[in-house]
Amino acid sequence: MPLFRSTRQTWLTLFVAAILSLWGHAWAKRPNIVVLLADDWGYSDVGAFGSEINTPHLNQLAKSGTRFSNFHVSASCSPTRSMLLTGVDNHLNGVGNMRETIPQSHVGRAGYLSVLNQRVVTVASLLQDSGYRTYAAGKWHVGKEAHNLPPARGFDRSLVMGDSGSDNWETGKLYLDLTDKVYWYDNGREAPMPQTFYSSEFYVSKTLEYLKTDAKSDKPFFAYLAFQANHIPVQAPQEFIDKYKGRYNAGWDVLRQERRNKAIELGLVPPNTPMAALPASHVAWDSLSSDDQAYQARRMEVYAAMAEAMDFHIGRLLAHLKQTGEYNNTVFVFMSDNGAEASDPYALAVGRWWLDQHYNRDIDRLGSPGAYSIIGPHWARAATAPLNTYKFFAGEGGIRVPLIISGIPSSAKQSVQGSLTHVSDIVPTLLELASVQHPGTSYKGQTIYPLTGHSLLPVLRGQATRVRGPDEVLGYELSGNRALFKGDYKLLSNLAPVGDGQWHLYNIATDPGETRDLQHDMPELFQGMQNDYAKWAKINGVLPMPEGYDPIQQVIINSLVFVYWPRYQWHLAGFGALLLLGGIWLWRRRR
């Protein structure tokens, strides 16, 4: 009997050891995950998507992975980020609109908090729960409340800038007068920052610091790098700007055509893809004076330099992972949060007044510390070529952006996936890669929304050709600009100044530039998709925009409400009190 018991214990010990060994082997195979989020990059701003901009490290990820040529996001910053982190539609997760552009009648309504609500769980929280190390560095923009800062949203270590943007050279400098100060958070606490830095360099250095600090850990890691490049102000180190001297002297009309032709050559859009129509406000390059051409060309040189600088610093991260032996066990996801930025803050008197006090825009200063540059609508159309519109609008140029996924075993290399995909698909993809189950509708006793996207692994591994079925609908809305996707078709409505507020119908598989309206050729589909949109909007709690809504005017209104009133209310109250006392004194004198 003792011998039998001893033998049984020996076999039990061996069995447990074998199970633990298998568990450890499986754990070791769970990949590291790096999400690289660019800010305001147009569809063709990456070399691998047709750009002349030098992006060798992103190109290498594309060469060893898959490019998604029909990938969609929201048309502005925080709604995209909210979906990237949660996998839930932004109208459900709380970011139905940005704080800067939300109508006052929507403020605080369900789905319109302009920050994440407490009915969603982030991918970082779920990965952290399953044993991942989790890091965040860069632009946050999904809430500065304690329950929304990175430590409460699943990140072990983090250094983030809380708002929509800031200067890229000076940590304490606002880029527009939209908040009272630049908010920086180090592990959830307001952070003392160096006075100067360069944003792309700083965020990568911070991520490398985290990796080196935890180098002895045997846990996989999830790193979220949210760059400020190429959000305004467009700024870059001089050594990168010098590389592009003269490159854009031929102008935006030529570049637009070059980008379109290269995208066709790379198989990202169909042959003979028509170019999106130009608006009546378009200014031909050849009509500019030589001085204006020089100034505009320099703006684009700085833009290209900012993108290349970001790629350069991504290269530092890749080099570290190769040096430490982690590169081959790391999945990389690169994307932009929306299309290229066309806005010109100088076009508004209040914006010009503030910027002239804080920035310089002389041609020989553009890109440097203290200087402010943009690219404007003409270069933005080139950056999104051959697509229609740009940031803030629902045309393909505003919401179709580059997506590269690399490092997944058994996936095809240097491939292009053309099926309709969406930012809400990223979370289910990463969870499946990490062998983590989403909790569905309940997380730690809290009711939450389920995922609204699909895993991309079946198409990445060649097990499927489409992410969505031909009859599945995918709705979209932001600031009154609306769309609905169904199969190869897209229902689209943009407000002024780029649209007429009416519905239009396009086949974006053959016409990604949205040049041919099919509503009269396909009336049943046209009406059916309008019905589909109405159902989707109701389910997701989309609110109708107030009559006469204008996003630029709304930014001014919201600045008055959220910034200037809190800043000057006591001054105004004091001034009002003085007026009242003066009036009483005059009244008593006249008696």
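In what follows, the structure referred to is the one given above.
Residues numbered from 1 in each chain as written. Predicted model: local features only at pLDDT ≥ 70, side-chain atom pairs only at ≥ 80, totals over all residues. Heavy atoms only, no water.

## Some remarks on the overall build of the chain
At step 1: Tallying secondary structure elements over the chain gives 16 helices and 18 strands in all.
At step 2: Relative to its length of 591 residues, the chain is compact, with a C-alpha radius of gyration of 26 Å against a globular reference of 25 Å.
At step 3: Across its three principal directions, the C-alpha atoms of the chain cover 115 × 70 × 55 Å.
At step 4: Every one of the 591 residues in the chain was classed for burial, and the buried ones make up 56%.
At step 5: A separation of at least 24 residues holds for 74% of the contacts in the chain among residues at least 6 apart in sequence.
At step 6: Across the chain, the mean location of the 55 positive side-chain charges is 7 Å away from that of the 54 negative side-chain charges. (Helix = DSSP H or I, 4+ residues; strand = E, 2+ residues; numbered from the N terminus. Rg over C-alpha atoms; globule rule 2.2 N^0.38 Å. Buried < 20%, exposed > 50% of the residue type's maximum accessible area, 1.4 Å probe, protein only. Contact = heavy atoms within 4.5 Å. Lys, Arg positive; Asp, Glu negative; His and termini not counted. Charge placed at Lys NZ, Arg CZ, Asp CG, Glu CD.)

## Observations concerning the sheet that holds strand β15 (residues 473-478)
At step 1: Read across the sheet, four strands follow the order β15-β16-β17-β18 without closing on themselves; strand pairing throughout is antiparallel. Each edge of the open sheet carries a strand with a single partner, namely β15 and β18 (504-507). Neighbour to neighbour, the strand axes of the sheet diverge by 15° on average, direction disregarded.
At step 2: Here helix α15 (residues 523-539) sits on the sheet and contacts β15, β16 (481-486), β17 (489-493) and β18; the angle it forms with β16, its principal contact strand, is near 115°. (Pairing = 2+ DSSP bridges. Axes fitted to C-alpha atoms, helices over the stretch in contact; angles between N-to-C directions.)

## Digging into the nonpolar core
Considering soluble globular proteins, one finds that nonpolar side chains tend to be buried as a cluster.
At step 1: Ranked by internal contacts, the top residues of the largest apolar core, which has 87 residues, are Val 34, Leu 36, Trp 41, Tyr 248, Leu 317, Phe 334 and Tyr 372.
At step 2: Apart from the residues lying within four places of it in its own chain, the contact partners of Tyr 372 are Tyr 175, Leu 176, Ile 232, Pro 233, Pro 345, Tyr 346, Leu 355, Tyr 359, Asn 360, Arg 361 and Leu 366.
At step 3: Core analysis: the second largest hydrophobic core is formed by 53 residues, Leu 116, Ala 136, Trp 140 and Val 436 among them. (Core = buried A, V, L, I, M, F, W, Y, C linked by side-chain atoms within 4.5 Å.)

## Some thoughts on the sheet that holds strand β6 (residues 184-186)
At step 1: Strand order in the open sheet formed by 10 strands is β7-β6-β5-β4-β8-β1-β9-β10-β2-β11, and the pairing between neighbours is mixed. In this open sheet, the two edge strands, each paired with only one partner strand, are β7 (189-190) and β11 (415-417).
At step 2: Pairing between strand β2 (residues 65-68) and β11: three bridges, direction parallel. Note that in β11 the partner of Arg 67 across the bridge is Val 416.
At step 3: Across the face of the sheet, helix α3 (residues 77-86) comes into contact with β1 (32-38), β4 (133-139), β8 (221-226) and β9 (330-336) while running at roughly 175° to β8.

## Comments concerning the packing of helix α6 (residues 199-213) against helix α9 (residues 290-323)
At step 1: The N-to-C vectors of α6 and α9 enclose an angle of 10°; their axes lie 8 Å apart at closest approach. What the angle tells us is that α6 and α9 run roughly parallel. Where α6 crosses over α9, the two elements pack in a sense that is right-handed. Residue-level contacts link Ser 200, Glu 201, Val 204, Ser 205, Thr 207, Leu 208, Leu 211 and Lys 212 of α6 to Met 310, His 313, Ile 314, Arg 316, Leu 317, His 320 and Leu 321 of α9.
At step 2: For the contact of α6 with α9, the class distribution of residues is seven nonpolar, five polar and three charged. (Parallel < 35°, antiparallel > 145°, perpendicular 65-115°, else oblique. Left-handed = near helix turned anticlockwise from the far one by under 90°. Nonpolar A, V, L, I, M, F, W, Y, C, P; charged D, E, K, R; others polar.)

## A look at a nonpolar patch on the surface
At step 1: Residues Leu 348, Val 350, Ile 552, Ile 556, Ile 557, Leu 560 and Val 561 make up a contiguous nonpolar surface patch of about 520 Å² in total accessible area.
At step 2: For Ile 556, the location among the structural elements is in helix α16 (residues 551-590).
At step 3: Since its relative accessible area comes to 33%, Ile 556 is described here as partly exposed. (Patch = residues over 30% accessible without salt bridge, like charges linked within 9 Å, V, L, I, M, F, W, Y side chains within 5 Å. Areas by Shrake-Rupley, 256 points an atom, 1.4 Å probe, with all protein chains shown as cover. Salt bridge = Lys/Arg side-chain N within 4 Å of Asp/Glu carboxyl O.)

## Comments concerning the environment of Ala 75
At step 1: Mapped onto the fold, Ala 75 is located in the loop between β3 (71-72) and α3.
At step 2: For the pair formed by Ala 75 and Phe 392, sequence separation is 317 residues and the distance between their alpha carbons is 4.6 Å.
At step 3: In contact with Ala 75, other than residues within four places in its own chain, are Asn 338, Lys 391, Phe 392, Phe 393, Gly 398, Ile 399, Tyr 476 and Leu 478.

## Quick notes on the packing of aromatic side chains
At step 1: Applying the stated criterion across every chain yields a total of 24 aromatic pairs.
At step 2: Judged by centre distance (5.8 Å) and plane angle (75°), the rings of Tyr 248 and Trp 379 are edge-to-face. In this pair, Tyr 248 sits in the loop between α7 (238-241) and α8 (252-265) while Trp 379 sits in helix α11 (residues 376-383), placing the two residues 131 residues apart along the sequence.
At step 3: Exposure remark for Tyr 248: the relative accessible area of 1% places this residue in the buried category.
At step 4: By way of ring pairs, the aromatic residues Tyr 244, Tyr 248, Trp 252, Trp 285 and Trp 379 are connected into one cluster.
At step 5: Between the NZ or CZ atom of Arg 119 and the centre of the ring of Tyr 449, over which it lies, the distance is 4.3 Å.
At step 6: For Arg 361, the ring lying beneath its charged end belongs to Tyr 346, and the centroid distance is 3.8 Å. (Phe/Tyr/Trp six-rings, centres within 6.5 Å; stacked < 30°, edge-to-face > 60°. Lys NZ or Arg CZ within 6 Å of the ring centre and 35° of its normal.)

## Some thoughts on unusual backbone geometry
Excluding glycine, residues mostly have negative phi values, and the peptide bonds linking residues are mostly trans.
At step 1: In the segment running from Ile 232 into Pro 233, the intervening peptide bond is cis, with an omega of 0°.
At step 2: Of note, the bond from Ala 385 into Pro 386 is cis; its omega dihedral lies within 30 degrees of zero at 5°.
At step 3: In this structure, Pro 386 sits in the loop between α11 and α12 (396-399).
At step 4: Phi at Phe 392 is positive, roughly 85°, even though this residue is not glycine.
At step 5: Position of Phe 392 relative to the elements: it lies in the loop between α11 and α12.

## Things to note about the pattern of salt bridges
At step 1: Per the stated rule, a full pass over the model turns up 25 salt bridges.
At step 2: Its salt-bridge partner being Asp 337, residue Arg 81 comes within 2.9 Å of it at the nearest N-O pair. Here the residue Arg 81 occupies a position in helix α3, and Asp 337 occupies one in the loop between β9 and α10 (349-358), the gap between them amounting to 256 residues.
At step 3: Of the residues examined, Arg 81 reaches a relative accessible area of 0% and is grouped as buried.
At step 4: A salt bridge links Arg 468 to Glu 472, with the nearest nitrogen and oxygen atoms 3.9 Å apart.
At step 5: Overall, the relative accessible area of 5% leaves Arg 468 in the buried class.
At step 6: Among the charged side chains, a network of salt bridges with common partners joins Asp 39, Arg 81, Lys 139 and Asp 337.

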